[in-house]
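Fold and geometry: a report
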Amino acid sequence: MAVSPAPSSGHLPRTSPRSPWDAPPGGAPDPWTPWAGPEALRRQDPELADVLLAELRRQRQDLQLIAAENFTSPAVLAALGSPLANKYAEGYPGARHHGGCEVVDLAERLAVDRATALFGAEHANVQPHSGSSAVLAAYAALLRPGDTVLAMALAQGGHLTHGSPANFSGRWFDFVGYGVDPVTGLIDHDRVRALALAHRPKAIVCGSISYPRHPDYAAFREIADEVDAYLIADAAHPIGLVAGGVAPSPVPYADVVCATTHKVLRGPRGGLVMCPAELAGRMDRAVFPFTQGGAQMHTVAAKAVALGEAATPAFAAYTRQVVANARALAGELSQLGLTVATGGTDTHLITADPAPLGVDGPAARRRCAAAGIVLDVCAVPAPDRPGGCVKGIRLGTAAVTTQGMTEPEMGRIAALLAAALREDAGTRAEVAELTGEFQPYP
Ligand SMILES: *Cc1c(COP(=O)(O)O)cnc(C)c1O
């Protein structure tokens with residue numbers, strides 16, 4: 001099927017002359033209808049409608065600096081709130097366990113074709129319900145319980161699915177952790193190689209929740225080949241930057257690429273896996289029926305919309321601005337005295353130790369929250385401290401860039417953050433002033 005950036009419904013069966021999903025003749029498109037929009041919710045359940053409205057207000061008023069978050073487009077939200085939510089669709093297009101899947105099959109084929117074209121992958125599976133489900137499926141496809149896996153240590157930026165004892169991964173597999181060089185904050189590939197040679201893992205996982213630099217996928221591939229291990233790239237964070245052409249792609253190097261669709265990629269909450277054709281059957285069976293049941297077709301449709309958006313020049317320009325903003329913000333934060341890990345960033349993500357300003361990460365998050373600045377606490381490498389890391393802060397520029405903020409606003413954000421850490425009165429009002437100028441959903 002040809003890849004088209006914009007959804008086309010020309011070949012869909014028509015049930016009525018005009019459905020609420022058609023653009024009104026001659027008028028502005030209005031996807032929210034009396035039966036499927038906020039009005040329906042308010043009429044039937046005002047209590048919950050108020051909760052949704054309160055969350056919309058919070059997203060508009062506060063400064064959203066959580067590195068894993070973004071604002072999806074109204075088109076993505078429309079697909080999420082569509083009647084595809086009603087459809088059961090176990091299996092894959094053309095081979096479903098349920099009847100009536102002919103139409104939703106079109107949505108999944110669009111999503112798959114757009115993903116493979118965008119990332120140059122031979123095969124894509126768009127059904128994982130989340131990034132964690134994508135990683136679970138990758139392990140299920142390639143590993144057996146008890147296998148050894150080499151991944152980034154949790155204290156250094158590994159995800160829960162990279163061997164946390166609180167997660168299935170830490171219970172079912174024997175994880176060995178690699179870390180970053182305590183002085184540079186960069187992944188030490190010699191150390192990764194030494195650990196690989198010592199432990200002979202069945203798989204090596206490359207990916208992190210907090211690494212602000214581009215992973216060296218070629219170096220990881222070489223190490224994996226040396227010990228005959230699979231290479232799994234968990235590109236949950238950078239996959240949107242890869243789509244925009246501002247980060248290297250793991251697709252040519254990894255046996256399986258796991259990703260989320262809701263971070264920089266700006267789609268619905270969900271996961272994505274990509275692999276070469278020879279692993280396609282194993283990967284698909286690992287997603288369904290091994291680890292999941294029916295696909296969430298409204299989310300799959302929303303992934304198709306987001307992948308269509310991500311293939312546009314406007315999205316590429318967006319990702320360039322995301323990185324330019326992160327670099328500007330990292331520079332401003334170090335000027336203010338925070339210790340920025342690795343001295344800066346290649347991506348949307350910054351980690352920093354606010355200790356020089358007299359607060360640790362948890363206190364910084366609390367004070368920022370009180371000022372309407374939303375960010376995360378995160379382990380930041382610190383060579384001179386016990387354990388080699390401290391609790392610092394993690395922030396990202398994906399959401400504020402979607403709002404239209406550019407370098408001058410990064411200066412304002414850094415100043416607001418410093419004011420919040422000092423607990424200056426009036427900071428919350430200044431934050432609201434800034435966000436008021438850059439509404440995500442006008
Ligand atoms: C976000 C993330 C995940 C998990 O995504 P969820 O959708 O929250 O399950 C997995 N791995 C990495 C590296 C991530 O950053």
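- Where an unreviewed UniProt entry is consulted, the chain appears under the name Serine hydroxymethyltransferase, with the organism given as Streptomyces pactum.
- Taken directly from UniProt, the Catalytic activity (unreviewed entry) text for the chain runs: "(6R)-5,10-methylene-5,6,7,8-tetrahydrofolate + glycine + H2O = (6S)-5,6,7,8-tetrahydrofolate + L-serine".
- Word for word, the UniProt comment on the chain under Subunit (unreviewed entry) is "Homodimer."

1. Describing the pairing of strand S9 (residues 256-260)
- For S9, the tally of buried residues reaches five of five residues, placing the bulk of the element in the interior.
- A two-sided burial pattern is seen for S9, the buried positions comprising Val 256, Cys 258 and Thr 260 on one face and Val 257 and Ala 259 on the other.
- Here strand S8 (residues 230-234) pairs with S9 via three bridges, running parallel. Directly across from Asp 234, in S9, lies its bridge partner Cys 258.
- Bridge count between S9 and strand S10 (residues 271-275): four bridges; the pairing is antiparallel. Among the inter-strand pairings, Val 257 is bridged to a residue of S10, identified as Met 274.

2. Some words on the site of the ligand
- With respect to spatial proximity, the complete set of residues near the ligand consists of Ser 130, Gly 131, Ser 132, His 159, Ser 208, Ile 209, Asp 234, Ala 236, His 237, Thr 260, His 262 and Lys 263.
- One of the side-chain nitrogen or oxygen atoms of His 237 is found 3.5 Å away from an oxygen atom of the ligand.
- Between the ligand and Lys 263, the relevant distance is 2.8 Å, taken from an oxygen atom to a side-chain nitrogen or oxygen of the residue.
- Burial of the ligand by the protein chains amounts to 86% of its free accessible area of 390 Å².

3. Quick notes on the pattern of salt bridges
- Tallied over the full model, the rule gives 16 salt bridges.
- For Asp 50, the salt bridge goes to Arg 42, with nearest N and O atoms at 3.1 Å.
- Taking relative accessible area as the criterion, Asp 50 reaches 44% and is therefore assigned partly exposed.
- Exposure remark for Arg 42: the relative accessible area of 34% places this residue in the partly exposed category.
- Beyond isolated ion pairs, a larger network of salt bridges with shared partners links Arg 96, Asp 105 and Glu 108.

4. Some words on the sheet that holds S9
- Read across the open sheet, the seven strands follow the order S4-S10-S9-S8-S7-S5-S6; overall the sheet is mixed. The open sheet terminates on both sides in strands that have one partner only, identified here as strand S4 (123-125) and strand S6 (174-178). Ignoring strand direction, the axes of neighbouring strands in this sheet form an average angle of 20°.
- By the bridge criterion, two bridges tie strand S5 (residues 148-152) to strand S7 (residues 203-206) in an arrangement that is parallel.

5. Quick notes on a nonpolar patch on the surface
- Taken together, Leu 48, Val 51 and Leu 52 make up a surface patch of nonpolar side chains, about 260 Å² in accessible area.
- Positionally, Leu 52 belongs in helix H2 (residues 46-61).
- Here Leu 52 falls in the partly exposed class, since its relative accessible area comes to 46%.

6. Topic: the sheet that holds strand S14 (residues 376-381)
- One open sheet holds the four strands; their spatial order is S11-S12-S15-S14, and the pairing between them is antiparallel. The open sheet has two free edges, formed respectively by strand S11 (339-340) and S14, since each of these has just one partner strand.
- Relative to strand S15 (residues 389-396), strand S12 (residues 349-353) runs antiparallel, the two sharing four bridges. Of the residues in S15, the one forming a bridge with Ala 352 is Ile 393.
- Its contacts with the sheet put helix H13 (residues 361-370) on S14 and S15, and the angle it makes with S15 is roughly 35°.

7. Digging into the packing of aromatic side chains
- On inspection of all chains with the given rule, the structure shows six aromatic pairs.
- Aromatic rings pair up to connect Tyr 139, Phe 168, Trp 172, Phe 173 and Phe 175 into one cluster.
- Over the aromatic face of Tyr 318 sits the side chain of Arg 266, whose NZ or CZ is 4.1 Å from the ring centroid.

8. Structural notes on the domain arrangement of the chain
- Splitting the chain by domain gives domain 1 (83-310) and domain 2 (313-437).
- Listed per partner, the contact involves 25 residues of domain 1 and 26 residues of domain 2.
- The three residues of domain 1 that bury the most area against domain 2 are Pro 212, Arg 213 and Arg 266, which together make up 28% of that side's buried surface.
- Summed over the shared surface of domain 1 and domain 2, the number is one salt bridge.
- The set of elements that each furnish at least two residues to the side of domain 1 that touches domain 2 consists of helix H9 (239-243) and helix H11 (297-310).

9. Structural notes on the UniProt feature "binding site: (6S)-5,6,7,8-tetrahydrofolate" (unreviewed entry) in the chain
- Those places that UniProt annotates as "binding site: (6S)-5,6,7,8-tetrahydrofolate" (unreviewed entry) correspond, in this numbering, to Leu 154, Gly 158, His 159 and Leu 160.
- According to the relative accessible area criterion, Gly 158 is buried, its value standing at 6%.
- When sequence neighbours within four positions are dropped, the list of residues in contact with Gly 158 reads Met 152, Ala 153 and Ile 209.
- Along the polypeptide, Leu 160 turns up in the loop between S5 and helix H6 (168-172).
- Contact partners of Leu 160, with chain neighbours within four places excluded, come to Asn 167 and Ser 169.

Calculation criteria
Residues numbered from 1 in each chain as written. Predicted model: local features only at pLDDT ≥ 70, side-chain atom pairs only at ≥ 80, totals over all residues. Heavy atoms only, no water. UniProt positions renumbered as here; feature names shortened; annotations may be inferred. Buried < 20%, exposed > 50% of the residue type's maximum accessible area, 1.4 Å probe, protein only. Helix = DSSP H or I, 4+ residues; strand = E, 2+ residues; numbered from the N terminus. Pairing = 2+ DSSP bridges. Near = heavy atom within 4 Å. Polar contact = N/O pair within 3.5 Å; in protein donor to acceptor, adjacent residues only side chain to side chain. Areas by Shrake-Rupley, 256 points an atom, 1.4 Å probe, with all protein chains shown as cover. Salt bridge = Lys/Arg side-chain N within 4 Å of Asp/Glu carboxyl O. Axes fitted to C-alpha atoms, helices over the stretch in contact; angles between N-to-C directions. Patch = residues over 30% accessible without salt bridge, like charges linked within 9 Å, V, L, I, M, F, W, Y side chains within 5 Å. Contact = heavy atoms within 4.5 Å. Phe/Tyr/Trp six-rings, centres within 6.5 Å; stacked < 30°, edge-to-face > 60°. Lys NZ or Arg CZ within 6 Å of the ring centre and 35° of its normal. Domains from an automatic or database assignment. Buried area = accessible area lost by both parts, 1.4 Å probe.

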